[in-house]
There are 2 protein chains.
Amino acid sequence: MQPNGHQLIDGLLRGDRASLARAISFVENAAPSSMKILDAVYPRTGKAYRIGVTGPPGAGKSTLVSRLVGELWSEGKSIGVVAVDPSSPFTRGALLGDRVRFQEIPDDPRFFVRSMASRGSSGGLAFRTGEVCDLLDASGKDVLVIETVGVGQSELDGAAAVHTTVVVLVPESGDEVQAMKAGLMEIGDVFTVNKADRVGADRMARCVEEMLHLGAGGDGWKAPVVLLSALSGDSFPLFLDALRRHEDHIRKSGDFARLKIERGRAKIEEIVERERNREFWKRSEVECSFEEALAQLAGGKTTPYREAARMLDQFRREGK
Amino acid sequence: MQPNGHQLIDGLLRGDRASLARAISFVENAAPSSMKILDAVYPRTGKAYRIGVTGPPGAGKSTLVSRLVGELWSEGKSIGVVAVDPSSPFTRGALLGDRVRFQEIPDDPRFFVRSMASRGSSGGLAFRTGEVCDLLDASGKDVLVIETVGVGQSELDGAAAVHTTVVVLVPESGDEVQAMKAGLMEIGDVFTVNKADRVGADRMARCVEEMLHLGAGGDGWKAPVVLLSALSGDSFPLFLDALRRHEDHIRKSGDFARLKIERGRAKIEEIVERERNREFWKRSEVECSFEEALAQLAGGKTTPYREAARMLDQFRREGK
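It should be emphasised that the depicted structure is a prediction, and the values quoted were computed from it without experimental measurement.

Draft legend 1. Quick peek at the overall build of chain A. Broken down by element type, chain A carries 14 helices and seven strands. Residue burial in chain A is summarised as follows: out of 320 residues, 46% are buried. Long-range pairs, those at least 24 residues apart, make up 75% of the contacts in chain A with a sequence separation of at least 6.

Draft legend 2. Inspection of the pairing of strand S6 (residues 190-193) of chain A at higher detail. Residue and element names in this part refer to chain A. Side-chain alternation along S6 places Val190 and Thr192 on one buried face and Phe191 and Val193 on a second face that is also buried. As paired elements, strand S5 (residues 164-169) and S6 share four bridges and run parallel to each other. Directly across from Val166, in S6, lies its bridge partner Val190. Two strands pair when backbone bridges link them, and S6 and strand S7 (residues 225-227) are joined in this way by three bridges, in the parallel orientation. Looking at S7, one finds that Phe191 is bridged to Val225.

Draft legend 3. Highlighting the domain arrangement of chain A. All names here are of chain A. When cut into domains, chain A gives domain 1 (1-44), domain 2 (45-253) and domain 3 (268-319). Facing the 13 residues of domain 1 at the interface are 13 residues of domain 2. Of all the secondary structure elements, the ones that give two or more residues to the side of domain 1 that touches domain 2 are helix H1 (5-14), helix H2 (17-28) and helix H3 (34-41). Top contributing element to the side of domain 1 that touches domain 2 by residue count: H2, with six residues.

Draft legend 4. Representation of helix H12 (residues 255-282) of chain A. Helix length check: H12(A), at 28 residues, gives a terminal C-alpha distance of 40 Å against a target of 40 Å (1.5 Å per residue), a fit within 8%. For H12(A), every residue scored as buried is listed here: Lys260(A), Arg263(A), Gly264(A), Lys267(A), Ile268(A), Val272(A) and Arg276(A).

Draft legend 5. Main features of the confidence of the model for chain A. Residue and element names in this part refer to chain A. Put simply, chain A has an average pLDDT of 83, and 81% of its residues get 70 or more. In the model of chain A, helix H5 (residues 92-100) stands out as the element of lowest mean pLDDT, 47, in contrast to helix H11 (residues 236-253), which has the highest, 97. For the stretch residues 87-97, pLDDT sits under 50, and the model shows 39 contacts to residues farther than four places along the chain or on other chains. Interface confidence in the predicted complex, given as ipTM, is 0.86; pTM for the same model is 0.83.

Draft legend 6. A look at the packing of H1(A) against H2(A). All names here are of chain A. The contact between H1 and H2 brings their axes to 7 Å, and the two run at 115 degrees. By crossing handedness, the relation of H1 to H2 is classed as left-handed. Residues Leu8, Gly11 and Leu12 of H1 touch H2, and the partners they reach there are Ser19, Leu20, Arg22 and Ala23. Looking at side-chain class alone, the contact of H1 with H2 contains four nonpolar, two polar and one charged residues.

Draft legend 7. Geometry of unusual backbone geometry. Positive phi values are uncommon outside glycine, yet Lys195(A) reaches one of about 55 degrees. The exposure class assigned to Lys195(A) is buried, which follows from the 25 C-beta atoms found within 10 Å.

Draft legend 8. The environment of Val190(B), seen in detail. Residue and element names in this part refer to chain B. Checked against the element boundaries, Val190 lands in strand S6 (residues 190-193). For the pair Val190 and Leu243, spaced 53 residues apart in the sequence, the C-alpha separation amounts to 6.9 Å. Those residues in contact with Val190 that sit more than four places away from it in its chain are Thr164, Val166, Ala223, Pro224, Val226, Ala242, Leu243 and His246.

Draft legend 9. Examining the packing of helix H13 (residues 284-298) of chain A against helix H12 (residues 255-282) of chain B more closely. Contact geometry for H13(A) and H12(B): axes closest at 10 Å, N-to-C directions at 140 degrees. By the angle between their axes, H13(A) is oblique relative to H12(B). In this structure, H13(A) meets H12(B) at a crossing whose hand is right-handed. The segment H13(A) lies against H12(B), with Ala293(A), Leu294(A), Leu297(A) and Ala298(A) engaging Ile261(B), Gly264(B), Arg265(B) and Ile268(B).

Draft legend 10. Representation of the environment of Gln296(B) within the structure. Residues and elements named next belong to chain B. With respect to the helices and strands, Gln296 occurs in helix H13 (residues 284-298). C-alpha separation for the pair Gln296 and Asn194, spaced 102 residues apart in sequence, amounts to 57 Å. With residues up to four places along the chain from it excluded, the contact list for Gln296 reads Lys301, Thr302 and Glu307.

What counts as what
Residues numbered from 1 in each chain as written. Chains lettered and ligands numbered in written order. Predicted model: local features only at pLDDT ≥ 70, side-chain atom pairs only at ≥ 80, totals over all residues. Helix = DSSP H or I, 4+ residues; strand = E, 2+ residues; numbered from the N terminus. Buried ≥ 20, exposed ≤ 12 C-beta atoms within 10 Å, placed from the backbone. Contact = placed C-beta atoms within 7 Å. Pairing = 2+ DSSP bridges. Domains from an automatic or database assignment. Expected span 1.5 Å × (residues − 1). pLDDT = per-residue confidence, 0-100. Axes fitted to C-alpha atoms, helices over the stretch in contact; angles between N-to-C directions. Left-handed = near helix turned anticlockwise from the far one by under 90°. Nonpolar A, V, L, I, M, F, W, Y, C, P; charged D, E, K, R; others polar. Parallel < 35°, antiparallel > 145°, perpendicular 65-115°, else oblique.

Here it is as structure tokens:
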């Protein structure tokens, strides 16, 4: 931790924007101080309600999020937005990013937005997204909105788990509904068909409803499908109502608190595995064995599968 | 391995499409037999030239790949295409997928296309993509084309490493060029500005060239920037020429063979880590320690960071 680490933490817990921004940068860059900051603020996490918004590119996630944030803002809530862009550095999300999309909201400690670009693995990204959310949570935000493109399953899983997952679709997604069966239906708590004025919107909504019906979950929540226009605001209140009903459901079912434990579990697993792996490959006898494997590979005498099995055998006894 | 495992492997090595398709399914589903298949065919891998094609959504990657495949086909090459779609199950890629895009190419053992949808982590996806490429490689394909959306760095890294990375941009990407500096410039071997008839194409190409100039690599290859239209075919020969020059460079530099070793290295690391982690969490004393950590967490008495450190301390001695 830097000399002013305690000031940074105090500032963050008070909701100071500059402290929050610095702490987030430390976490994003996996700075040595980041674990200490996260550890220090952890007891203050678990209060924010976390909403994930996901869907295909061009479905209007950003517009929906902007409108939702505007609504929460006018209700007096404090809000943190994390826009995760797995296809960065390509797409506009992370670039236009932070403030441009929320010009109507004044600079205020009640609001904080951060775009995160993916460098490296999705797993790592989910982990860092969860950590950034913890910082926002500890800074006193009432609601966190995490916007992700498409790869919902991995980005909103485990370390970055949310209370409510909103899936945003558009009428044009029609052809794709079959493909969605596999993973999408299970992750959505609230479905929206955006751009409801377009041809095929009703059909799309019915189709999603039918598929939800087929795969009805056992947790007592029936995911609603809301037809709306995020741009014009048509039927937006229906969406808000669906969100609130799901929040009620989550709070009454005990899932609100359970999620903090889930995130903790994922965090322990990730840290333990990462450190164990790091320490393993640093051991001189492991380095030696690995070098030998690579030399054998280069000689064309073996396969990676056989060498992996040999290394596992060699070091397995010690761990038992 | 199933009773007919050897037949499957023999069929695959002969280039039989049904065997190849079945083996790929085993690998995608991480079936118990997949490691044995991969191990058996590994000595026959390393002959195919691997081309990665990446870029933002809508840049025209599919059109470029179709044209490239058509060209390679007419030259008499055998070709495998792997379309990786990290935003599935949402986008069209994986759905329309396999054959529709290549209708002009007859059903023939010389051609095989497979779409892979991302379920779970990008890291896992890259690993499986690499394995599917190995199967195609072992089946005797001369060229593999791996098409990915955007997340180039993670999908084309390590286990799925390619010989030539093509980055496809469009004039509209102009605003995003600044953001690309970070990661994109390093991964591209050949850059294309597609839809070259559109306003801003020249400016975009110059911009990319300038940025490449700034970050000139030390490997003796100067990445060309080709303005073209994948749809009409305008300037497509310039792109082919750039690809071929890079292939010559890679073969002369020794990087062609080196990449097989790199993939082997990544594979050993991944298998060893995965197995070690799996065995670790299964140990009864670890389960016990983990349960205790979760109970403490639920009681609000600790943090995931402290519990991870405690577990690492507890089990660290044994591994040394």
